[in-house]
Amino acid sequence: MNTAPLKIKEKLAAARSNTRLINEGQRVIRQGKGLLFAIFRTAVIAGISYVILGPLIGIVVNSFFSNADKYSPMVYLIPQAPTLERYKLAILRMDYWNTLRNMLLYVTSLTVLQLAVCSMVGYGFARYKFPLKKLFFACVIIMIVIPSHTVMLPIYMTFQSFNPLGVIGLFNSGRGINLLASPLPMYIMTVLGCGLRSGLYIYIFNQFFRGLPKEIEEAAEIDGAGTLYTYFFIMIPNSMPSIITVTIFSLVWQYNDTFFSKLFIISQNVVLSKQIVSLQANILNIDRILDPSISALYLYAGIVLVIVPLVVLYVVLQRRFIEGVERSGIVG
């Protein structure tokens, strides 16, 4: 009897068994690596979240503390006698609703101006050829790279004695108009395309318009559309992702800006964040709350009141913002 076929079958079965064992071992190793990576990733995210959100959670919780909660050794995060007294007094001393209305008008108007100016400049760089184009675009990049603090002195001196006619040589007597202590310098800088983060917005629009096919404009030109009609009624509707991105960036950064508001001495009745600086002193002088630990609770409530509008804006526009960032050419 020939046993060779049986031995071959046995070897094949053993080889298949070894292969299955090897595959099973490799699968277990891959699962183990995936589990370790998931644990590591979760630990890193939890650590970063704690570092970022820990102080914020503490501020929000402390803003609801009563006097008894503040001095009770048994209270850590959850107040036993929560109160809204901190918010009521903070709203009163910050003149919150009037200041918030003025702030929203100020921020919204600057955002609209930045959208109009930066989109036009970005479109011009993306679609037209003109002398010194590369040099001008290099200046835009420099606006992004150079920190505002390095040019704060010439900016301050310019608007302390503002003389636009002297710039073009028509009138230069050495005297000008002091535009400080008003929002006018911010509006002038924004209209001229050098406002807060305008260089970045021009770059975003430039990248997005460069990504749009030129056939759209060629088809519009064949149909008899002029430059302005093509820009306003064809290109702008197609650039909504970049518009949404720039709108949210501009709203948030203008809202959070303290550098230019302090540099131009803009009134705290217009800039909500400046109300925080004087809140604790007002409570000390007007309400005679001398305990710094208790007055700090009112400061925490004021900080929460400043943060809430931004959180609402993010919650409402979160999905559109993420889609805009993905499609606006800001990454990559």
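Located above this text is the structure these notes cover.
Residues numbered from 1 in each chain as written. Predicted model: local features only at pLDDT ≥ 70, side-chain atom pairs only at ≥ 80, totals over all residues. Heavy atoms only, no water.

**Let's talk about the overall build of the protein chain**
Then comes step 1: On a plain count of helices and strands, the protein chain comes out with 15 helices and 0 strands.
Then comes step 2: Counting the 332 residues in the protein chain, one finds 35% classified as buried.
Then comes step 3: Accessible surface, the protein chain: about 20,600 Å² in total, of which carbon and sulfur atoms supply 68%. (Helix = DSSP H or I, 4+ residues; strand = E, 2+ residues; numbered from the N terminus. Buried < 20%, exposed > 50% of the residue type's maximum accessible area, 1.4 Å probe, protein only. Areas by Shrake-Rupley, 256 points an atom, 1.4 Å probe, with all protein chains shown as cover.)

**Side note on the packing of helix α4 (residues 96-127) against helix α8 (residues 184-191)**
Then comes step 1: Two numbers describe how α4 lies on α8: the axes approach to 9 Å, and their chain directions differ by 15 degrees. Relative to α8, the element α4 is oriented roughly parallel. You can see that α4 and α8 cross each other, and the crossing is right-handed. Here Tyr-106, Ser-109, Leu-110, Leu-113, Gln-114 and Val-117 of α4 lie close against α8, whose contacting residues are Met-186, Tyr-187, Thr-190 and Val-191.
Then comes step 2: Class assignment for the residues of the contact of α4 with α8 results in 7 nonpolar, 3 polar and no charged. (Axes fitted to C-alpha atoms, helices over the stretch in contact; angles between N-to-C directions. Parallel < 35°, antiparallel > 145°, perpendicular 65-115°, else oblique. Left-handed = near helix turned anticlockwise from the far one by under 90°. Contact = heavy atoms within 4.5 Å. Nonpolar A, V, L, I, M, F, W, Y, C, P; charged D, E, K, R; others polar.)

**Let's talk about the nonpolar core**
Then comes step 1: Residues Met-94, Tyr-106, Phe-159, Met-186, Phe-260, Phe-264 and Leu-272 are the most contacted members of the largest nonpolar core, which totals 43 residues.
Then comes step 2: Of all the elements in the fold, those that place two or more residues in this core are α3 (85-93), α4, α6 (152-160), α8, α12 (240-256), α13 (259-263), α14 (272-286) and α15 (292-327).
Then comes step 3: Ranked by the residues each element gives to this core, the list is headed by α15, at 8 residues.
Then comes step 4: Formed by 22 residues, the second largest nonpolar core is a distinct cluster that contains Tyr-123, Ala-126, Tyr-231 and Met-235. (Core = buried A, V, L, I, M, F, W, Y, C linked by side-chain atoms within 4.5 Å.)

**As for unusual backbone geometry**
Then comes step 1: Notably, Arg-197 is not glycine yet its phi reads approximately 65 degrees, a positive angle.
Then comes step 2: Topologically, Arg-197 is positioned in the loop between α8 and α9 (198-211).
Then comes step 3: Exposure remark for Arg-197: the relative accessible area of 40% places this residue in the partly exposed category.

**A few points about the environment of Glu-218**
Then comes step 1: Assignment of secondary structure puts Glu-218 in helix α10 (residues 215-222).
Then comes step 2: Using a relative accessible area of 44% as the deciding quantity, one classes Glu-218 as partly exposed.
Then comes step 3: Note: C-alpha distance between Glu-218 and Thr-230 (12 residues apart in sequence) is 9.7 Å.

**Notes on the side chain of Ser-66**
Then comes step 1: With respect to the helices and strands, Ser-66 occurs in the loop between α1 (4-62) and α2 (67-71).
Then comes step 2: Ser-66 gets classed as buried once you look at its relative accessible area, which sits at 12%.
Then comes step 3: Not counting residues within four places of it along the chain, the set of residues in contact with Ser-66 comprises Ala-81, Thr-83, Arg-86 and Leu-297.

**Here's the deal with the packing of aromatic side chains**
Then comes step 1: Scanning all chains against the criterion turns up 20 aromatic pairs.
Then comes step 2: Measuring from ring centre to ring centre gives 4.9 Å for Tyr-231 and Phe-232, while their planes differ by 75 degrees; the resulting arrangement is edge-to-face.
Then comes step 3: Looking at Tyr-231, the relative accessible area reads 5%, which means it is buried.
Then comes step 4: Measuring from ring centre to ring centre gives 5.0 Å for Phe-249 and Trp-253, while their planes differ by 20 degrees; the resulting arrangement is stacked. Here Trp-253 and Phe-249 lie together in helix α12, a separation of 4 residues that amounts to about one turn.
Then comes step 5: A relative accessible area of 27% places Trp-253 in the partly exposed class.
Then comes step 6: One aromatic cluster is present, built from ring pairs that chain together Tyr-123, Tyr-128, Phe-205, Phe-208, Phe-209, Tyr-231 and Phe-232.
Then comes step 7: Sitting over the face of the ring of Tyr-298, Arg-86 holds its NZ or CZ atom 5.0 Å from the ring centroid. (Phe/Tyr/Trp six-rings, centres within 6.5 Å; stacked < 30°, edge-to-face > 60°. Lys NZ or Arg CZ within 6 Å of the ring centre and 35° of its normal.)

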